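Residue-level listing of the chains:
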Amino acid sequence: MSGAAGGQENSTATSARVYSKQRNFFKWAMLLPTIIILLILTIYPLLYMVWTSLHSWNLTKPQYGYKFVGLHNFATALSDSRFLGSVLTSLTFVVLAVAFELALGFALALLLNRARWYVAPMRLALLLPMMVTPIVVGLVFLMMFNGTHGVFNFFLDSLGFGKIPFLADPKTALLAVVIADVWQWTPFVMLIFMAGLATLPDAVLEAGRTDCVSWFQELWYITLPLLKPVILVTLLIRTIDAFRLFDLVYVMTKGGPGTATETLSMYIYVQGFDKFEMGYASALAILMLVMVNIVAQFFIRTIYVEESAA
Amino acid sequence: MMTWIRLIAVTVLIVPLLLVVAPAYAEGPMATEITIASVGDPYATALDKAIPEFTALTGIKVNQEVFDYDNGRKKQLLDATGGSTLYDIYSIDVPWVGEFDDPGYMVPLDDMIAAEAANIVLDDYPQPVWDAHKWNGVQYQIPLATGVEMLFYRKDLFEQDGIKVPETTQEFLDACKHFTKALNPDSPTEYGCAQNGQKGAAIAQQWMSWNSAFGGVPIIEQDGKLVANMSSPEGIKAAEFMKEMLPTMPPNALELAWDSVFEEIAQGRVAMAPQWASRVFLIENPEKSAVSGKIGYALFPHDEGLPSRPGLGGYGMGINAGVSDERKAAAWEFMKWLANPAGEKMLVKYGDNAAANRYSSLANCEYQAFYPNWPVMLESYQRANYNFRTRYPAYNTMSDALGVEISEMMLGNKTAQEALDAAQAVVAEELARME
């Protein structure tokens, strides 16, 4: 290779390296603000929470000091009957709420999955609960379930069934919270299922109708199997959300009567913001994070397997 | 030349900025602006109306931030422990006294009070009302809105049925049963009584009231140490008494808390309610109450053979020890303006019936005509028990633990012994940490 050609090649390679470095620098410069915000708002608080969970620290009692206790908070949690009870309450709530939301949401989606004049206004009306702030939903249902003046008791009493102290009876208090949650989030499930139903291949459905399958056979053997990924995604989202429930419980029952509606989020709140035991509350929050992660991983892997099979 | 121009430009721009942002609090020997943290009781509304008069008189601007009970304690405590000095004056409920005074978050007031003795008129305070805001013999707060527990009852129905106004706990329980339709078909009311039953501070406090009525003390000093004493025989008796009352209370008994208790008696559903005297306006307002003019007032019931010692509580004003001397001076100026017979008269005028901290207010015939429970309040103050909820710093832990355990007991999930043992264990752990 001649010197001039070799010099030209070196110059091109150098320009390419410089250009590549500039591109890298530009890329990182554009990403840097997002990374900083992520570090400040997500990574740092998470690491701080892990660090705090290894300490005994009461925010309002500085005289007790800030003591390193290792995994003592976690060990205490695993033998804390109130913590274990709150996990059970959360799981019970998740199973009840998500089951009702899935069933009702799917039924509504099927009902509205047709070209009729009433579909659009009904869909709009049914989406309204989703747009209300959860705290407001809690306050409204608190009044509606009131043992003396509530509208539900008004109708029950008018029909001769007498009044039920919904929020003061441990047998009905959790159910009341479930009803409030179902009222608010069924439209969300309905929306996802409607989107799923819209993507079902017409050819498959037509083939089924050609074979004179019944409505139930079409639903059971064609629609539901095709909707499996959508169902799994909906389950994932609603399960995580329902497990983290706080606002409805805080407004409607504060975890009572007794500990009948004390979900894990509520118990963490009590430890962190009533008792200001920041170390213990941080440990509980990490345990909750682990639990939610396990559930989420299960659903994600199942979805992944489904998609791979497809 | 350019350097001089730059220097002048910086001075012209920055100095006015410094003057604008300089804290308004640091101006001369006394600050010109202070902030009070208040709890949402009637006194807060009365203070709102009174504050402009103080500002017109002294030029000191007073901001008031009002919170609900739970958040009131938390906000003030976090301000004190965190040193954020947002508030100059704290409103301290009697059971919080140890929590705020013991670690030194409040300014001792003895010297300042002594200098203003002629203005404050110490003899005008019933001793329990004044002493409730002392800690280890030092005065840290001045009574602002004192509360005492008493029995509210339907005097018309008691007279109609010839029932004696209850003095003892047994008489009270018998009267509850008499006025419950399910137990007595001839009862003029559906239920005998309503009381605090909501899980948390409400039901915890109700147990503390009955514990005191049976002679119990929740935390005692033994051999120089603090010992949790909730599962004493008196404490168990109090818990079982509450359980025994349940059939005489409305079905939503375990939802009721303070104001909602008064609603039950105001709507004529129950015949009696043991509650704080300061809420009398809820049942004597003819626009909101179906029983206005029909309510009688009596001392809080007590166990047979024991004297009546009604629970005393309510708020005192104290100065945040973390603020500057100028702010402390301004805060004291405000407090001493209120802490005299004329100041109290003004608060009563502005609708704070709980501002009756003094003999001169309680014995005033004009006020008694307006607040018919004041004669009983006067007697209650003189025999009151301000330690029925304990004032040791473990109060909040005790309230939290009892709030859950007593609720579980009322639901039938635990016996009185089991519930109180569980609560006592939590408090014992906290007391051990405090040593």
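Residues numbered from 1 in each chain as written. Chains lettered and ligands numbered in written order. Predicted model: local features only at pLDDT ≥ 70, side-chain atom pairs only at ≥ 80, totals over all residues.

**Structural notes on the overall build of chain A**
When helices and strands are tallied, chain A shows 13 helices and two strands. The C-alpha radius of gyration computed for chain A amounts to 27 Å, which surpasses the reference 19 Å derived for 310 residues by more than 25%, pointing to a less compact arrangement than a globule. Taken along its principal axes, the extent of the C-alpha atoms in chain A is 105 × 80 × 30 Å. (Helix = DSSP H or I, 4+ residues; strand = E, 2+ residues; numbered from the N terminus. Rg over C-alpha atoms; globule rule 2.2 N^0.38 Å.)

**A few points about the overall build of chain B**
Along its length, chain B carries 20 helices and twelve strands. Relative to its length of 435 residues, chain B is compact, with a C-alpha radius of gyration of 24 Å against a globular reference of 22 Å. Judged by the C-alpha coordinates and their principal axes, chain B covers about 100 × 50 × 40 Å. Relative to its 435 residues, chain B shows a buried fraction of 53%. (Buried ≥ 20, exposed ≤ 12 C-beta atoms within 10 Å, placed from the backbone.)

**Here we look at helix α12 (residues 264-274) of chain A**
Burial analysis of α12 of chain A places eight of its eleven residues in the buried class, which makes it a mostly covered element. Within α12 of chain A the residues assigned to the buried category are Leu264, Ser265, Met266, Tyr267, Ile268, Tyr269, Val270 and Gln271 of chain A.

**Digging into the pairing of strand β12 (residues 312-319) of chain B**
Residue and element names in this part refer to chain B. With eight of eight residues buried, β12 lies mostly within the body of the structure. Burial along β12 is two-sided: Leu312, Gly314, Gly316 and Gly318 and Gly313, Tyr315, Met317 and Ile319, pointing in opposite directions, are all buried. Judged from the five bridges that link them, strand β3 (residues 89-93) and β12 form a sheet pairing that is antiparallel. The partner of isoleucine 92 across the bridge, within β12, is glycine 316. One ladder, built from six bridges, connects strand β6 (residues 142-154) with β12; its direction is antiparallel. When the sheet's bridge partners are listed, threonine 146 is paired in β12 with glycine 314. (Pairing = 2+ DSSP bridges.)

**A few points about the domain arrangement of chain B**
All names here are of chain B. The domains assigned to chain B are domain 1 (21-147 + 312-382) and domain 2 (148-311 + 387-434). For domain 1 and domain 2, the distance between their C-alpha centroids amounts to 28 Å. At the junction of the two partners, domain 1 supplies 24 residues and domain 2 supplies 20 residues. Broken down by secondary-structure element, the contributors of at least two residues to the side of domain 1 that touches domain 2 are α4 (97-101), β6, β12 and α18 (374-382). Per-element accounting of the side of domain 1 that touches domain 2 gives the leading share, five residues, to α18. (Domains from an automatic or database assignment. Contact = placed C-beta atoms within 7 Å.)

**A few points about the interface of chain A and chain B**
Often, the extent of an interface is quoted as the loss of accessible area on bringing the components together. With 20 residues of chain A at the interface, the matching set in chain B holds 20 residues. Grouping the amino acids of the side of chain A that touches chain B by side-chain chemistry returns eight nonpolar, eight polar and four charged. (Nonpolar A, V, L, I, M, F, W, Y, C, P; charged D, E, K, R; others polar.)

**Structural notes on the domain arrangement of chain A**
Residues and elements named next belong to chain A. One can read the domain layout of chain A as domain 1 (3-53) and domain 2 (79-309). Using C-alpha coordinates to define each centre, domain 1 is positioned 43 Å away from domain 2. Listed by partner, the interface residues are four residues for domain 1 and six residues for domain 2. For the side of domain 1 that touches domain 2, the residue count by class is two nonpolar, two polar and no charged.

**Here's the deal with the environment of proline 301 of chain B**
Inspection of the secondary structure puts proline 301 of chain B in the loop between β11 (295-299) and β12. Not counting the four nearest positions on each side in its chain, proline 301 of chain B is found in contact with Leu151, Pro166, Glu167, Thr168, Thr169, Phe172 and Ala213 of chain B.

**Topic: the confidence of the model for chain B**
All names here are of chain B. On average, residues of chain B carry a pLDDT of 90, and 93% of them reach 70 or more. Segment residues 21-27 is flagged for pLDDT under 50; beyond a separation of four residues in sequence, or across chains, it makes ten contacts in the model. Model confidence for the complex is summarised by a pTM of 0.82, with the ipTM given as 0.76. (pLDDT = per-residue confidence, 0-100.)

**Things to note about the packing of helix α8 (residues 202-210) of chain A against helix α9 (residues 215-226) of chain A**
All names here are of chain A. Where α8 contacts α9, the two axes come as close as 11 Å, and the packing angle between them is 170°. Judged on the interaxial angle alone, α9 and α8 are roughly antiparallel. Of the residues in α9, those touching α8 at Val204, Leu205 and Gly208 are Glu218, Ile222 and Leu226. Its residues placed into classes, the contact of α8 with α9 shows four nonpolar, one polar and one charged. (Axes fitted to C-alpha atoms, helices over the stretch in contact; angles between N-to-C directions. Parallel < 35°, antiparallel > 145°, perpendicular 65-115°, else oblique.)

**Thoughts on the pairing of strand β1 (residues 33-39) of chain B**
Residues and elements named next belong to chain B. In terms of residue burial, β1 counts as a mostly covered element, since six of its seven residues are buried. In this sheet, strand β2 (residues 61-67) lies alongside β1 in parallel orientation, the contact comprising seven bridges. From the neighbouring strand, alanine 37 faces β2, where its bridge partner is glutamate 65. Running through helix α2 (residues 42-58), the crossover from β1 to the neighbouring parallel element β2 is right-handed. With two bridges joining them, β1 and β3 adopt parallel strand pairing. From the neighbouring strand, isoleucine 36 faces β3, where its bridge partner is isoleucine 89. (Right-handed = clockwise from strand over helix to strand, strands pointing away.)

**With respect to the environment of tyrosine 105 of chain B**
Residue and element names in this part refer to chain B. For tyrosine 105, the position within the fold is in the loop between α4 and α5 (110-115). For tyrosine 105, a count of 22 C-beta atoms within 10 Å corresponds to the buried category. In sequence terms tyrosine 105 and alanine 356 are 251 residues apart; their C-alpha atoms lie 27 Å from each other. Those residues in contact with tyrosine 105, other than ones at most four positions away along the chain, are Ala80, Phe100, Asn320 and Ala321.

**Quick notes on helix α20 (residues 416-434) of chain B**
Residue and element names in this part refer to chain B. End to end, α20 covers 27 Å across 19 residues, agreeing with the expected 27 Å (1.5 Å per residue, within 8%). Taken residue by residue, α20 has Ala416, Ala419, Leu420, Ala422, Ala423, Gln424, Val427 and Glu430 as its buried positions. As for α20, its buried residues are in contact with β9 (225-228), α11 (233-245) and α19 (395-410). (Expected span 1.5 Å × (residues − 1).)

**Regarding unusual backbone geometry**
Residues glycine 256 of chain A and proline 257 of chain A are joined by a peptide bond in cis, for which omega reads -5°. If you trace the backbone, proline 257 of chain A turns up in the loop between α11 (247-252) and α12. The phi dihedral of lysine 254 of chain A falls on the positive side, at around 55°, and the residue is not glycine. Tracing the chain through its elements places lysine 254 of chain A in the loop between α11 and α12. With a phi angle near 50°, tryptophan 258 of chain B is a residue other than glycine that sits in the positive phi range. Tracing the backbone through its elements, the reader meets tryptophan 258 of chain B in the loop between α11 and α12 (259-266). What makes tryptophan 258 of chain B partly exposed here is the crowd of 17 C-beta atoms within 10 Å.

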